[in-house]
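# Topology and contacts: notes
Listed here are the chains, written in short residue letters.
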Amino acid sequence: MRTDRIFARLDREPEPPEIDLPRMTATRKVLFGSTLVFYGAIVVAVLTTSRLVRLDWQIMFFRPYEQWPQLHAFIDYYVVLGQRGPTAVMVTAWLGWRSWRQHTLRPLLALGVALLLLNITVGAVKLGLGRLGPHYATQIGSAELFMGGDIFPSGHTANAVVTWGILAYLASTPRTRRHLSVVSAVVALGVGAATVYLGTHWVSDVLLGWAAGLLIVLALPWFEPLIGFGEAWIFEQREKWRARRAGASAPAAAPGSPAPAPRPAAVASEASQPQTLPQTLPREKVVTVRPAVSGPRSPAPHLAPRTHTVRSERSPVTPPVSRRPQQHPDRVSARGTSAGSAAARPVAGG
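The text that follows walks through the structure, step by step, so that each part is easy to find. (Residues numbered from 1 in each chain as written. Predicted model: local features only at pLDDT ≥ 70, side-chain atom pairs only at ≥ 80, totals over all residues. Heavy atoms only, no water.)

If you tally the helices and strands in the protein chain, you get 14 helices and zero strands. Listed N to C, the secondary structure of the protein chain is α-α-α-α-α-α-α-α-α-α-α-α-α-α in terms of helices and strands. In the protein chain, which comprises 350 residues, the share counted as buried stands at 31%. For the protein chain, the exposed surface amounts to about 24300 Å²; the carbon and sulfur share of it is 63%. (Helix = DSSP H or I, 4+ residues; strand = E, 2+ residues; numbered from the N terminus. Buried < 20%, exposed > 50% of the residue type's maximum accessible area, 1.4 Å probe, protein only. Areas by Shrake-Rupley, 256 points an atom, 1.4 Å probe, with all protein chains shown as cover.)

Written out as structure tokens, the structure is:
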């Protein structure tokens, strides 16, 4: 996949309208504090093996999946809305399209920060408390803590709150944010109840999972400066990469033409000097070439062309000495005639 095409598409999109970023208001701070207190109360109730742990065992012995078996097939599919892999793919596809259209990477970065916080906070508590699930419980009435498990808090429930709650958090208008908040809350509550129905989590696991996911969504406005810094850094690196690529492709030769071989410095300097003929040549072979004043090097001198004349236009040339051999005097007297008597010879038939 070519990243330059993706960023080029982002550049062609019009600038998005001003997005109303959620702020850490007084109401949000109160909700965050209340949820944090609820989170701590659930942890203390499980650590002290209070009535909440007794409720966990009562619902486990009730076995909801045996009481309403007709719901089992539907809940098996519904609980997938809390699994990390499928939900992350779906939400990432939607937020990626929004980033494409709105010319911003903020939705994807906000999702990445939320999932990172979810893995750190929920994962740390899971490994730290080490609680076993209902199907692996060893002692009736026990909290099953520090037994090497990883079930408290419920990861399905917390992931459902964060994954679907981020859509409400990133809504463009306050009205849309309120509507999506209700939808995401219903989905997250249903996922938590589905895990209790299937017997994979205690009730206290689900309660702590709801609180853990809600804390992350409420705390996201504190991370908005970090998200903005990350977006600016990514676009800055993109511009630097574009500049390096443009500089590397500028002196490239035309496709199909062989690249010129590099010339050593000694050869190049020797070629730039005027060529002089060696003094050891014979005099008759030395040719003097007049250097050109300016412009390219002139070709070797040659004779000026002459006009070609036909044979009839040429003037006769009399040789100074006739090449015809002279007649011997004995032959002339023998014949009895000369050049003059030949001329006085009567014309035949006269």
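F152 connects to P153 through a cis peptide bond whose omega is 5°. Relative to the assigned elements, P153 resides in the loop between helix 7 (106-129) and helix 8 (155-169). Backbone geometry at H103 places phi at a positive 60°, although glycine is not the residue there. Tracing the backbone shows H103 in the loop between helix 6 (84-102) and helix 7. You can call H103 buried: its relative accessible area is 17%. Positive phi outside glycine occurs at E144, with the angle close to 60°. For E144, the location among the structural elements is in the loop between helix 7 and helix 8.

The next thing to look at is the layout of surface pockets. Roughly 650 Å³ of internal volume is contained in the largest pocket. Residue lining of the largest pocket: 23 residues in total, with R28, S181, L214, V217 and L218 positioned closest to the centre. Secondary structure elements with two or more residues in the lining of the largest pocket: helix 2 (26-47), helix 8, helix 9 (174-198) and helix 10 (203-219). For the lining of the largest pocket, the element with the most residues is helix 9, which contributes six residues. In terms of residue class, the lining of the largest pocket is built from 13 nonpolar, six polar and four charged. (1 Å grid on protein atoms, 1.4 Å probe; cavity = no way out; pocket = protein on both sides within 12 Å on 5 of 7 lines; lining within 4 Å. Points joined across faces, edges and corners; volume = space filled by probe spheres on them. Nonpolar A, V, L, I, M, F, W, Y, C, P; charged D, E, K, R; others polar.)

Okay, the side chain of D205 next. Looking at the secondary structure, you find D205 in helix 10. Accessibility expressed as a relative area gives 0% for D205, which makes it buried. Excluding its chain neighbours within four sequence positions, the residues that come into contact with D205 are R131, I151, F152, P153 and S154. (Contact = heavy atoms within 4.5 Å.)

Another aspect to go through is the packing of helix 2 against helix 10. Running from N to C, helix 2 and helix 10 point in directions that differ by 155°, and their axes come no closer than 9 Å. Between helix 2 and helix 10, the angle is such that the two are roughly antiparallel. Considering only the axes of helix 2 and helix 10, their crossing is left-handed. On the side of helix 2, the interface is formed by R28, L31, F32, T35, L36, F38, Y39, I42, V43 and V46, while helix 10 contributes S204, L207, L208, A211, A212, L214, L215, V217, L218 and A219. Partitioned by chemical class, the residues of the contact of helix 2 with helix 10 number 17 nonpolar, two polar and one charged. (Axes fitted to C-alpha atoms, helices over the stretch in contact; angles between N-to-C directions. Parallel < 35°, antiparallel > 145°, perpendicular 65-115°, else oblique. Left-handed = near helix turned anticlockwise from the far one by under 90°.)

Okay, the packing of aromatic side chains next. On inspection of all chains with the given rule, the structure shows six aromatic pairs. Members of the aromatic cluster, joined through ring pairs, are W57, F61 and W202. In this structure, R131 is placed above the aromatic ring of F152, and the distance from its NZ or CZ to the ring centre is 5.2 Å. (Phe/Tyr/Trp six-rings, centres within 6.5 Å; stacked < 30°, edge-to-face > 60°. Lys NZ or Arg CZ within 6 Å of the ring centre and 35° of its normal.)

Relative to the helices and strands, L189 resides in helix 9. C-alpha of L189 to C-alpha of W210: the two residues are 21 residues apart in sequence and 7.9 Å apart in space.

It is worth spelling out the nonpolar core at this point. By size, the foremost hydrophobic cluster in this structure holds 47 residues, and its most contacted members are Y39, V91, L118, F152 and I166. Of all elements in the fold, only helix 2, helix 3 (51-62), helix 6, helix 7, helix 8, helix 9 and helix 10 reach the threshold of two or more residues within this core. Take this core: its biggest share by element is nine residues, from helix 7. Not counting the four nearest positions on each side in its chain, F152 is found in contact with I42, V43, V46, V125, K126, L129, R131, S204, D205 and L208. In terms of nonpolar packing, the next biggest core, distinct from the first, is built from five residues, V79, A194, Y197 and L198 among them. (Core = buried A, V, L, I, M, F, W, Y, C linked by side-chain atoms within 4.5 Å.)

Once that is clear, we can look at helix 6. Side chains three or four residues apart in an α-helix point the same way, a direct result of the helix having 3.6 residues per turn. With 19 residues, helix 6 extends 26 Å from end C-alpha to end C-alpha; this agrees with the ideal 27 Å at 1.5 Å per step. At the exit of helix 6 stands H103, carrying a positive phi of roughly 60°. (Expected span 1.5 Å × (residues − 1).)

Before going further, it helps to examine the environment of R98. For R98, the location among the structural elements is in helix 6. For R98, a relative accessible area of 10% puts it in the buried group. It is 8.9 Å that separates the C-alpha atoms of R98 and L108, two residues lying 10 residues apart in sequence. With near-sequence residues (within four places) excluded, R98 lies in contact with L170, A171 and S172.

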